[in-house]
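# Tertiary structure, described
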Amino acid sequence: MSRTLNTSVSLTGQTVTIYALATALGAIPLAWATASWPRKHVLQLALAVVAVTNAFTALSDDYSLTMVLRFVAGLGTGLIWPLLGGYAARLAPAGRQGRAIAIALAGTPIGLALGIPLGTWLSSLGGWQLAFHASAAVTVMTMAWVLVAVPNLPGQPVDARFRISQVLVVPGLRPILFALATYMIAHNLLYTYITDLLVHLGMADQTGWVLFVFGVTSVLSVLVVGTHIDRHLRKLAVGSTLLFGASVLVLGVVADAPALVYVAVAAWGLAFGSSPSLFVGATINATGEAANVAQSITITVFSASIATGGFIGGLLLAGLGTASITWAALVLLIVAAATVVGGKKYAFPRNG
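Everything numeric in this text was worked out from a predicted model, so none of it was measured.

### Focus: the overall build of the chain
- Along the chain, the regular secondary structure elements total 15 helices and zero strands.
- Scaling as 2.2 N^0.38, a compact globule of 352 residues should have a C-alpha radius of gyration of about 20 Å, and the chain matches this with 20 Å.
- In terms of overall dimensions, the chain has a C-alpha envelope of 55 × 50 × 35 Å along the principal axes.
- Within the chain, contacts between residues separated by at least 24 positions form 83% of all contacts whose residues are at least 6 apart in sequence.
- Counting every atom, the chain has about 15,900 Å² of accessible surface; 71% of that belongs to carbon and sulfur.
- Looking at charge distribution, the chain has the averaged site of its 16 positive side-chain charges lying 18 Å from that of its 8 negative ones.

### Structural notes on the side chain of Thr-34
- With respect to the helices, strands and loops of the structure, Thr-34 is situated in the loop between helix H2 (9-33) and helix H3 (39-59).
- If we ignore the near neighbours within four places in the chain, the residues touching Thr-34 are Arg-39, Val-42 and Leu-79.

### With respect to the environment of Leu-114
- Mapped onto the elements of the fold, Leu-114 is located in helix H6 (residues 107-126).
- The partly exposed category is assigned to Leu-114, whose relative accessible area is 46%.
- Linking Leu-114 and Val-216, residues 102 residues apart in sequence, is a C-alpha distance of 9.1 Å.

### Notes on the confidence of the model for the chain
- Summary statistics for the chain give a mean pLDDT of 87 and a share of 96% for residues scoring 70 or more.
- Looking at the elements of the chain, mean pLDDT is at its lowest for H6, recorded as 74, and at its highest for H3, recorded as 96.

### Let's talk about the nonpolar core
- Grouped together as the largest cluster of nonpolar side chains are 59 residues, with contacts concentrated most on Tyr-183, Leu-190, Phe-244, Leu-251, Val-261, Trp-268 and Phe-348.
- Contributions of two or more residues to this core are made by helix H9 (173-192), helix H10 (194-200), helix H11 (207-253), helix H12 (258-272), helix H13 (275-287), helix H14 (291-320) and helix H15 (323-342).
- Counting residues per element, this core draws most heavily on H9, which supplies 13 residues.
- The contact partners of Trp-268, leaving out residues within four places of it in the chain, are His-187, Leu-190, Tyr-191, Ile-194, Phe-214, Phe-244, Ser-247 and Leu-251.
- Leu-79, Leu-83, Tyr-87 and Val-146 belong to the second-largest nonpolar core, a separate cluster that totals 20 residues.

### Some details on the packing of aromatic side chains
- One pass over the full model with this rule turns up eleven aromatic pairs.
- Measuring from centroid to centroid gives 5.0 Å for Phe-214 and Trp-268, while their planes differ by 65 degrees, and the two rings are edge-to-face. One end of the pair, Phe-214, is in helix H11; the other, Trp-268, is in helix H12, with 54 residues separating them in the sequence.
- Residue classification places Phe-214 among the buried positions, given a relative accessible area of 1%.
- Owing to a relative accessible area of 1%, Trp-268 belongs among the buried residues under this scheme.

### With respect to a nonpolar patch on the surface
- Taken together, the side chains of Ile-110, Leu-114, Leu-118, Trp-121, Leu-125 and Leu-130 define a hydrophobic patch exposed on the protein surface, amounting to about 570 Å² of accessible area.
- Examining the composition of the nonpolar patch, we find that five residues originate from one element, H6, more than from any other.

### Here we look at the side chain of Ser-60
- Within the fold, Ser-60 resides in the loop between H3 and helix H4 (63-91).
- Of note is the side chain of Ser-60, whose polar atom sits 3.1 Å from the backbone oxygen of Asp-62.
- At a separation of 2.9 Å, a polar atom in the side chain of Ser-60 contacts the side chain of Thr-66.
- Setting aside residues no more than four positions away along its own chain, Ser-60 makes contact with Thr-4, Leu-5, Leu-65, Thr-66, Leu-69 and Trp-128.

### Observations concerning the packing of H9 against H13
- Here H9 crosses H13 at 170 degrees, and the two axes come no closer than 9 Å. As summarised for this structure, H9 and H13 are arranged roughly antiparallel, according to the angle between their axes. On H13, the residues that touch Leu-173, Ile-176, Ala-179, Leu-180, Tyr-183 and Met-184 of H9 are Ser-275, Pro-276, Phe-279, Ala-282, Thr-283, Ala-286 and Thr-287.
- A per-class count over the contact of H9 with H13 returns ten nonpolar, three polar and no charged.

### Details of the packing of H9 against H12
- At their nearest, the axes of H9 and H12 sit 12 Å apart, and the two run at 145 degrees to each other. Crossing angle aside, the handedness with which H9 passes H12 is left-handed. Across the interface between the two elements, Tyr-183, Met-184, His-187, Leu-190 and Tyr-191 from H9 touch Trp-268, Ala-271 and Phe-272 from H12.
- Broken down by class, the residue content of the contact of H9 with H12 amounts to seven nonpolar, one polar and no charged.

### With respect to unusual backbone geometry
- Backbone geometry at Asn-6 places phi at a positive 55 degrees, although glycine is not the residue there.
- In this fold, Asn-6 is placed in the loop between helix H1 (2-5) and H2.

### Thoughts on H15
- Between its terminal C-alpha atoms H15 stretches 29 Å, which fits the 28 Å expected from 20 residues at 1.5 Å a residue.
- Among all positions in H15, only Ser-324, Ile-325, Thr-326, Ala-329, Leu-330, Leu-333, Ala-336, Ala-337, Thr-339 and Val-340 are buried.
- Looking at the buried side of H15, the elements it contacts are H9, H10, H11 and H14.

### Here's the deal with the environment of Thr-23
- Its location among the elements puts Thr-23 in helix H2.
- By relative accessible area, which is 3% here, Thr-23 ends up buried.
- Placed 327 residues apart in sequence, Thr-23 and Arg-350 show a C-alpha to C-alpha distance of 32 Å.
- Discounting residues that sit within four places of it in the chain, Thr-23 has contacts with Gly-74, Thr-77, Gly-78, Ile-299 and Ser-303.

The rules we used
- Residues numbered from 1 in each chain as written.
- Predicted model: local features only at pLDDT ≥ 70, side-chain atom pairs only at ≥ 80, totals over all residues.
- Heavy atoms only, no water.
- Helix = DSSP H or I, 4+ residues; strand = E, 2+ residues; numbered from the N terminus.
- Rg over C-alpha atoms; globule rule 2.2 N^0.38 Å.
- Contact = heavy atoms within 4.5 Å.
- Areas by Shrake-Rupley, 256 points an atom, 1.4 Å probe, with all protein chains shown as cover.
- Lys, Arg positive; Asp, Glu negative; His and termini not counted.
- Charge placed at Lys NZ, Arg CZ, Asp CG, Glu CD.
- Buried < 20%, exposed > 50% of the residue type's maximum accessible area, 1.4 Å probe, protein only.
- pLDDT = per-residue confidence, 0-100.
- Core = buried A, V, L, I, M, F, W, Y, C linked by side-chain atoms within 4.5 Å.
- Phe/Tyr/Trp six-rings, centres within 6.5 Å; stacked < 30°, edge-to-face > 60°.
- Patch = residues over 30% accessible without salt bridge, like charges linked within 9 Å, V, L, I, M, F, W, Y side chains within 5 Å.
- Salt bridge = Lys/Arg side-chain N within 4 Å of Asp/Glu carboxyl O.
- Polar contact = N/O pair within 3.5 Å; in protein donor to acceptor, adjacent residues only side chain to side chain.
- Axes fitted to C-alpha atoms, helices over the stretch in contact; angles between N-to-C directions.
- Parallel < 35°, antiparallel > 145°, perpendicular 65-115°, else oblique.
- Nonpolar A, V, L, I, M, F, W, Y, C, P; charged D, E, K, R; others polar.
- Left-handed = near helix turned anticlockwise from the far one by under 90°.
- Expected span 1.5 Å × (residues − 1).

Written out as structure tokens, the structure is:
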């Protein structure tokens, strides 16, 4: 891709950064602007934006144009993510909302498990452009499926909207957002620089297999969490942060033990796979009628954490070396676990 755009690899990598930045910047204002629209119309519009921008990205050989296209694609994604959890919860029968959220957000671990190897394979067949064309085609097929199979739901009346300042003071939301930020920054510290970490551990030639193990257990996490989230959200959230922390501790202390690395990465994937469902579910439970606005705030924090984790990880690698990212991630996860455990009244209540 960098050769096509006549830029360096590092500058080409900023197409990912600007995508995440647009998602973070767009989630709240776009959710607000479309709150009164029928939910299916909003979803179709957002999917159309992603499809068109991916198709045009594949055709672009200009770096500036590509950056603009990735920014617009990020805006489309920023419109999708706040919508999915609430949409699924409203469609689900009483007592099954958590399971519906877990299923709706299962695309994250499935994408991690399949997206990277599929994209790499397609690129080897027809260049990086083929991966973007394929993504656009799959998005169009998704639009067709949504048109046929997904019921429409009305938007929220204008006079029932909640201001962001009102939502942020809802008891429990700020601890959820803080736990989400520390958890996701820790994840992205490690996942963004997984290749460097594996080189440090003497496993540079096993990156593909390590990522495969992570993806498989991430998908398995959807099955586990989806089955129990409606009755045991708090236990699952506590377990996720503690299991992730334990896996990072193992990665920080192992040396010349590939088997332990695989076990730790498998545990990491199992902990992380359905973590978006846990945090979104906790947000919906805590905010009630203000859930639509709260979810847009949650997605903003989620997307900002991706960029923050990559940025902090780069600084740590340059200044303190590869080992530092595991210890920084561990500190963040200790804070996240303490926040989740301590949020037993509103954020992650004991009866949840």
